[in-house]
Amino acid sequence: MRRRLRVLVTGAAGLVGAEVTARLAAAGHEVTALVHRTPVLVGNDGTPLEAAGVRCLTADVTRPRLGLSEADHEALAGGIDRIVHCAAITDFGRPEEDYQRVNVDGTAHVLELARAGGADLVHVGTAYVCGERDGLILETELDEGQRLANAYEASKLRAETLVHKARADGVRSAVVRPSIVVGDEHTGVVRDYKNIYVVLKLTTEGKVRSIPGQYEARLDLVPVDYVADVITQVTERFDEAAGRTFHAVGAPLTLRDFSDVMAEYPSFQVPRFVPPTSFDLGRLPREERVYYERVVALYESYFRRRMAFDASNTAQLVARPAPGGGQDFLRRLIDHCLESGYLGAPLPGVADVLARLDLTGADVSGPAANDANGAGR
Amino acid sequence: MTSHPNPPCPTEDATRSTVYAIVGAMAPMTGVELADETTLVADLAYDSLRLIELTLALEQGFGLPELPQEETAMVTTLGDIVRMVAAARRQEAAR
């Protein structure tokens, strides 16, 4: 017999937040969905969430008291048993202060709410707080003096550290750390094409043809539905989960796996991963250099890492088996992208559009685009 | 930086028609009537990658140096782009 819980979900309009909200509401809990701007919640499959028992609340985690009046903040704090903190900036390349405001200050404000109301906190972090550490990453490890690759990782480490510190003054919490969140385990369906999808698009369309990286490097992709299940179970079984951390991760894929699977699709270009030491940005054609600098460079560290995530705590608590599938899962993700038109139907390139509009200045054409860093085929 | 579509010291109006042409031709969603209020994401289906490509197209089409990310991140409508590009062109012309 489960008790009906009153749960606040922050970031409820986000990819993970919406799925968690849907699951908690379906299980009969009373959910307050905290949203920043988007007042309509949409599930991962694109259908609006019209669950009974969900109340939307517009608030701003970057502001003290979440931007609510003192009275509203007090009422909110008094009316919730648990908080699931999903609100975060997860895309890369934003200004440093955005990560601080949303990911770190946002977590501090949510902790204040938990403290004010005596609510338990389920904090959604990232497996990549491990930074550039190699080898097996344990759920019990957090700050091991690791080097962090970017402002996103650094902010998530600071946020999780705040959650740990708050335990000392009585805020009970559990942490769920997803890896790279992608489409549904069985259908490959995803609502937002971000992060890894953008790299997939740039490479399969041949806009980026060589990437500094190692074929043995591993990327851990985890289905969004699995992540939402883990968070939901940790929330419902909080007494068992309190004080612990749960990796919500998938089966890691090597860049060799990526390369092999991409080569199965006749319409795809396959990028070459070249040893970082022999990669020369200056030899890229202008357009590829811009894509590299503005997009691919943000992920570069991930194409060198060989970590593996231990998920013993999750295996012990969560009934659903960890996602497997490796290459098959990647095929499912790509097949969905082809069905939805995200991949396989490239829009006209910048040079083509400008030529068509007769705006081709001298600065448009770059060096010959046929043999960047030996990526020519 | 040769073959500019417009003379130096450009005004917003002179910039507008070229901006409209580029934004319209780059847009994932076609057949939408363009106005200053038209939004890039909701109306024209731009995603994050296509927005980067649009920035590139604007820089190259107008012969501008790299538009700073703090500015491009604030853009939501066609009118915002017209103002951003016009300001960047005035800055270029003043150099």
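An unreviewed UniProt entry lists chain A under the name SDR family oxidoreductase, from Streptantibioticus silvisoli.

Another point: the overall build of chain B. Scanning chain B from terminus to terminus reveals four helices and zero strands. Looking at the 95 residues of chain B, the share that counts as buried comes to 45%. Summarising the internal contacts of chain B: among those between residues at least 6 apart in sequence, 57% fall at separations of at least 24.

The next subject is the overall build of chain A. Within chain A, the secondary structure is distributed over twelve helices and 14 strands. Whereas a compact globule of 377 residues would reach a radius of gyration of roughly 21 Å, chain A reaches 22 Å, a difference of no more than 12%. Within chain A, buried positions represent 54% of all 377 residues. Considering only intrachain contacts with a sequence separation of at least 6, the fraction spanning at least 24 residues in chain A is 81%. Taken as a whole, chain A presents about 15400 Å² of accessible surface, with 49% of it coming from carbon and sulfur.

A few words now on the interface of chain A and chain B. One widely used convention gives an interface's size as the accessible area the parts lose upon coming together. At the junction of the two partners, chain A supplies 25 residues and chain B supplies 25 residues. Summed over both partners, the interface of chain A with chain B buries about 2100 Å², with 61% contributed by carbon and sulfur atoms. For Arg294(A), the salt bridge identified is with Glu59(B), shortest N-O distance 3.1 Å. Counting across the chain A and chain B interface gives four residue pairs in polar contact (both at pLDDT 80 or more). Counting only elements with at least two residues in the side of chain A that touches chain B, the list comes to α5 (196-204), α9 (286-299) and α12 (350-356) of chain A. Residues of the side of chain A that touches chain B, tallied by class, amount to 16 nonpolar, three polar and six charged.

Moving on: the sheet that holds strand β11 (residues 245-248) of chain A. All names here are of chain A. With parallel pairing, the seven strands of this open sheet are ordered in space as β3-β2-β1-β4-β5-β7-β11. On the outer flanks of this sheet lie β3 (54-58) and β11, each paired with one strand and no other. Geometrically, the sheet is characterised by an average inter-axis angle of 20 degrees between neighbouring strands, direction not taken into account. Strand direction decides the pairing type here: strand β4 (residues 82-85) and strand β5 (residues 120-124), joined by four bridges, are parallel. Paired with His-85 across the two strands is His-123, which belongs to β5. Along the sheet face, helix α3 (residues 96-117) touches β1 (6-10), β4 and β5 and points at about 175 degrees away from the line of β4.

Turning to the sheet that holds strand β12 (residues 252-254) of chain A, a few remarks are in order. Residues and elements named next belong to chain A. In spatial order, the strands read β8-β10-β12; together these three strands make up an open sheet with mixed pairing. Each having just a single partner strand, β8 (180-182) and β12 make up the two edges of the open sheet. On average, each strand axis in the sheet is inclined to that of its neighbour by 45 degrees, with strand direction left out of account. Of the pairings in the sheet, the one linking β8 to strand β10 (residues 218-223) comprises three bridges and is parallel in character. Bridge assignment links Ile-180 to a residue of β10, and that residue is Leu-221. Strand contacts of helix α11 (residues 327-340): β8, β10 and β12, with the helix running at about 65 degrees to β10, the strand carrying the most contacts.

Next up on the list: the pattern of salt bridges. All names here are of chain A. Summed over the entire model, instances satisfying the criterion amount to 37 salt bridges over all chains. Taking the shortest distance from any N to any O, the salt bridge between Arg-320 and Asp-225 comes out at 2.8 Å. A residue pair is termed long-range when its members are at least 10 positions apart, and Arg-320 in the loop between α10 (312-317) and α11 and Asp-225 in helix α6 (residues 224-236) qualify at 95 residues. Via salt bridges that share partners, Glu-19, Arg-23, Glu-185, Asp-225, Asp-229 and Arg-320 belong to a single interconnected network.

Here we take up the packing of aromatic side chains. All names here are of chain A. Applying the stated criterion to the full structure yields 13 aromatic pairs over all chains. Note on Tyr-193 and Tyr-197: the rings are 5.3 Å apart at their centroids and 85 degrees apart in plane angle, and the pair reads as edge-to-face. Across the pair, exposure class does not vary: Tyr-193 and Tyr-197 are buried alike. Taken together, Phe-92, Tyr-99, Tyr-128, Tyr-152, Tyr-299, Tyr-302 and Phe-309 form an aromatic cluster joined through their ring pairs.

This part is about the nonpolar core. Residues and elements named next belong to chain A. Counting 89 residues, the largest nonpolar core has Val-9, Val-84, Tyr-197, Leu-221, Ile-231, Val-234 and Phe-258 as the members making the most contacts within it. Of all the elements, α6 adds the most residues to this core, at seven residues. What Val-234 contacts, discounting residues up to four positions off in sequence, is Val-122, Ala-174, Val-176, Ala-241, Phe-246 and Leu-317.

Let us now look at α3(A). Residue and element names in this part refer to chain A. With 22 residues, α3 ought to run about 32 Å at 1.5 Å a step, and its terminal C-alpha atoms sit 31 Å apart, in line with that. Along α3, the sharpest change in direction is near 30 degrees and occurs at Gly-106. All of the buried residues in α3 are Asp-98, Tyr-99, Val-102, Asn-103, Val-104, Gly-106, Thr-107, His-109, Val-110, Leu-111, Leu-113 and Ala-114. Structurally, α3 contributes buried residues whose contacts are with β1, α2 (70-78), β4, β5 and α4 (151-168).

Definitions and limits used
Residues numbered from 1 in each chain as written. Chains lettered and ligands numbered in written order. Predicted model: local features only at pLDDT ≥ 70, side-chain atom pairs only at ≥ 80, totals over all residues. Heavy atoms only, no water. Helix = DSSP H or I, 4+ residues; strand = E, 2+ residues; numbered from the N terminus. Buried < 20%, exposed > 50% of the residue type's maximum accessible area, 1.4 Å probe, protein only. Contact = heavy atoms within 4.5 Å. Rg over C-alpha atoms; globule rule 2.2 N^0.38 Å. Areas by Shrake-Rupley, 256 points an atom, 1.4 Å probe, with all protein chains shown as cover. Buried area = accessible area lost by both parts, 1.4 Å probe. Salt bridge = Lys/Arg side-chain N within 4 Å of Asp/Glu carboxyl O. Polar contact = N/O pair within 3.5 Å; in protein donor to acceptor, adjacent residues only side chain to side chain. Nonpolar A, V, L, I, M, F, W, Y, C, P; charged D, E, K, R; others polar. Pairing = 2+ DSSP bridges. Axes fitted to C-alpha atoms, helices over the stretch in contact; angles between N-to-C directions. Phe/Tyr/Trp six-rings, centres within 6.5 Å; stacked < 30°, edge-to-face > 60°. Core = buried A, V, L, I, M, F, W, Y, C linked by side-chain atoms within 4.5 Å. Expected span 1.5 Å × (residues − 1). Bend = angle between axes of the 7 residues up to and from the residue.

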